Amino acid sequence: MLKKLEEIRAIIANEPVKKLVLAAAHDHDSLSAVLRASKDGIVIPILVGDKESIQNIAAANGYDISDLRIIHESQTEAAVEIAVKMASSKQAEILMKGKVGTSTLLKCVLNKEWGLRTGKLLSHFALFEVETYHKLIAVTDVAMNIAPNLQEKIAIINNSINCLHKLGIQNPKVAVLGAVEMVNENMSATLDAALLSKMNQRDQIKGCIIDGPLAFDNAVSLESARHKGIKSEVAGDTDLLLMPDIEVGNVLYKSLVFFAKAKVASVILGAATPIVLTSRSDSEQAKYDSIMLAAAVSKKQA
Amino acid sequence: MIRTLDQMVEKVLLSGKKHRLAISWAQDNNTIGAVGKAVINGLAEAFLLGKKNEIIKVCHSQSIDPALFTIIGSESESTASAEAVSMVKRGDADIVMKGLVSTDKFLKAVMDKENGIMIPGAVLSYVCAIEMPSYHKLLFITDPAVIPFPDLDQKIAMAEYAIEMANCFGIEKPKVALIGASEKISRHFENSIHYSVMCKMAERGQIKNCIMDGPLDIFLACERKTMEIKGINTPVNGDADILLFPSIESCNPFYKGLMLFANGELAGLIRGTSSPVIVMSRSEKQKSKYYCIALACLMAGNK
């Protein structure tokens, strides 16, 4: 059981250091997080972007990057293409977004010839360290899938479970979130939740314990669940919260960060390599922790 | 817990209550035979509605004394049905039973908005208790007769009716198997989706007093061995009390198959009405009709 994000470091300590390629690396925020992670031995960076800007940013932050591999390409799209191709040709195990729009990066990731498609759905996975909860809690999907249907929810759960297994959480407890814990025909999220629970019971979704619908309070508090008389293996001990849609997910994400002062690491799953795709509003610490999370969940390359 | 239909009859007899039957268009051999037996055995009192002369003729042909009954003259199937239903509505009878009248005409009287006996807003459905030598207890099935393709709400109502009936048989928490062709969930099988939702509702106490699982095939529902072979964990545990079918076309041949090939015997009732309503096909055996009367008495006594 993990209580703090920094414990992820111990997971990657025994593995070879992974290579991270930063696409359009001439970006102050992402580059400084990558350079700090590099200094701490978490990743080996490959920087694709405008070499002069990269060197200036590094110098301004007091980093010596003379040993690092830099591929000069000042055109953003071309730099992203190079970075994605490095990831798809297994020269790097993690892809990270630099000074480039998310849509441009994803277009390259999804390129049919040289992208990072695996046939799986791409989904966003966020891992929170909240002081008031007894362990790390994952939340999905708060950023990629707008209104996932049942099949997409299954894919999102599978992506996330795979990721949690790599973090050493053997049989994660998944709460399918609703506004209420009762099944209500007028609330489609509660119907999907019932289906996902049953599919889990029938081994159609494996490697986890799913219960839902659960309201947020009974998902994270055993006392709340008891008040409502809910018998559930998941209630109060959730490892993963599945959001009904992006609106709920995004608001929860931001309220945890802003009101609960939670720390968060996030990564895009479902591509051939994990993708670090933090937004400009994420703190430098969040970017650093996301790189660490990506390093923990990326596959070892031969 | 009642395990056979004869035990059910015993239970009603032991209660000492005599329920009053109103039979619509009663001039039918099997019906009068069954009702006569019920009256003679002390299960019930009976009002026979129909053509007086014909009723008396049928009684004589069955060697039953017409004086056992109160015979009420009636000129048509429809008026006999309407009158039988209003007797129950007025409190002059406890149970209404279909005689020689067609089911359509009979149910029209039962469901009449002003004079009928439907519970407002309730789903009309049918539950059967089946006894057969090859199963260790009674098996309740629904719906072999009324709802062709039940939607989710109708399935929930069907389950609740069957659970309520099983409760009257002393089965406190019946095991309800929601029957499908396979135990897997697939969006191509709408029933498997309904069933998943119902299981969760049972888990959350929205459907009460039962242990529910589905989709299950009949083997998994009724045979523990299959469960072990397939390696599937289900709380129904090969010991189902209730089988809920996805359609009439699956449930009806199932029960008829049991009657024909498995020496099955049955008692069934319409549900959704404020008083018990007995509807049996005219071809049904006298013995089945007798069991239906006993079942109606049991349910009337548990109202």
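Residues numbered from 1 in each chain as written. Chains lettered and ligands numbered in written order. Predicted model: local features only at pLDDT ≥ 70, side-chain atom pairs only at ≥ 80, totals over all residues.

### Quick notes on the overall build of chain B
Now for step 1: For chain B, the helix and strand inventory stands at 11 helices and 11 strands.
Now for step 2: Since a compact globule built from 303 residues should have a radius of gyration of about 19 Å, the 20 Å found for chain B is in line with a globular shape.
Now for step 3: Along the first, second and third principal axes, the C-alpha atoms of chain B reach 65 × 40 × 30 Å.
Now for step 4: By the burial criterion, 53% of the 303 residues in chain B qualify as buried.
Now for step 5: Considering only intrachain contacts with a sequence separation of at least 6, the fraction spanning at least 24 residues in chain B is 70%. (Helix = DSSP H or I, 4+ residues; strand = E, 2+ residues; numbered from the N terminus. Rg over C-alpha atoms; globule rule 2.2 N^0.38 Å. Buried ≥ 20, exposed ≤ 12 C-beta atoms within 10 Å, placed from the backbone. Contact = placed C-beta atoms within 7 Å.)

### Considerations on the domain arrangement of chain B
Residues and elements named next belong to chain B.
Now for step 1: Taken domain by domain, chain B comprises domain 1 (5-118 + 273-301) and domain 2 (125-261).
Now for step 2: Measuring from the centre of the C-alpha atoms in domain 1 to the corresponding centre in domain 2 gives 29 Å.
Now for step 3: With 5 residues of domain 1 in contact, the opposing surface of domain 2 contributes 5 residues.
Now for step 4: Elements supplying a minimum of two residues to the side of domain 1 that touches domain 2: helix H1 (5-15) and helix H11 (286-301).
Now for step 5: The element that contributes the greatest number of residues to the side of domain 1 that touches domain 2 is H11, accounting for 3 residues.
Now for step 6: When grouped by side-chain class, the residues that make up the side of domain 1 that touches domain 2 number 5 nonpolar, no polar and no charged. (Domains from an automatic or database assignment. Nonpolar A, V, L, I, M, F, W, Y, C, P; charged D, E, K, R; others polar.)

### Considering helix H2 (residues 28-39) of chain A
All names here are of chain A.
Now for step 1: Over its 12 residues, H2 extends 16 Å from the first C-alpha to the last, a length consistent with the 16 Å expected when each residue adds 1.5 Å.
Now for step 2: Packed against the buried residues of H2 are strand S1 (18-23), strand S2 (43-49), helix H3 (51-60), strand S4 (94-97) and helix H11 (284-297).
Now for step 3: At the C-terminal side of H2, Gly 41 shows a positive phi close to 75 degrees. (Expected span 1.5 Å × (residues − 1).)

### Regarding the domain arrangement of chain A
Residue and element names in this part refer to chain A.
Now for step 1: When the domains of chain A are assigned, the result is domain 1 (5-118 + 271-281 + 291-297) and domain 2 (123-258).
Now for step 2: On a C-alpha basis, the centres of domain 1 and domain 2 stand 30 Å from each other.
Now for step 3: Each partner contributes to the interface: domain 1 provides 6 residues, whereas domain 2 provides 7 residues.
Now for step 4: Mapped by element, the contributors of at least two residues to the side of domain 1 that touches domain 2 are helix H1 (8-13) and H11.
Now for step 5: Ranked by residue count, the leading element in the side of domain 1 that touches domain 2 is H11, at 3 residues.
Now for step 6: A per-class count over the side of domain 1 that touches domain 2 returns 6 nonpolar, no polar and no charged.

### Quick word on the interface of chain A and chain B
Now for step 1: Taken residue by residue, the interface counts 14 residues in chain A and 14 residues in chain B.
Now for step 2: A per-element tally of the side of chain A that touches chain B places helix H7 (residues 188-201) of chain A first, with 6 residues.
Now for step 3: Split into classes, the residues belonging to the side of chain A that touches chain B amount to 7 nonpolar, 3 polar and 4 charged.

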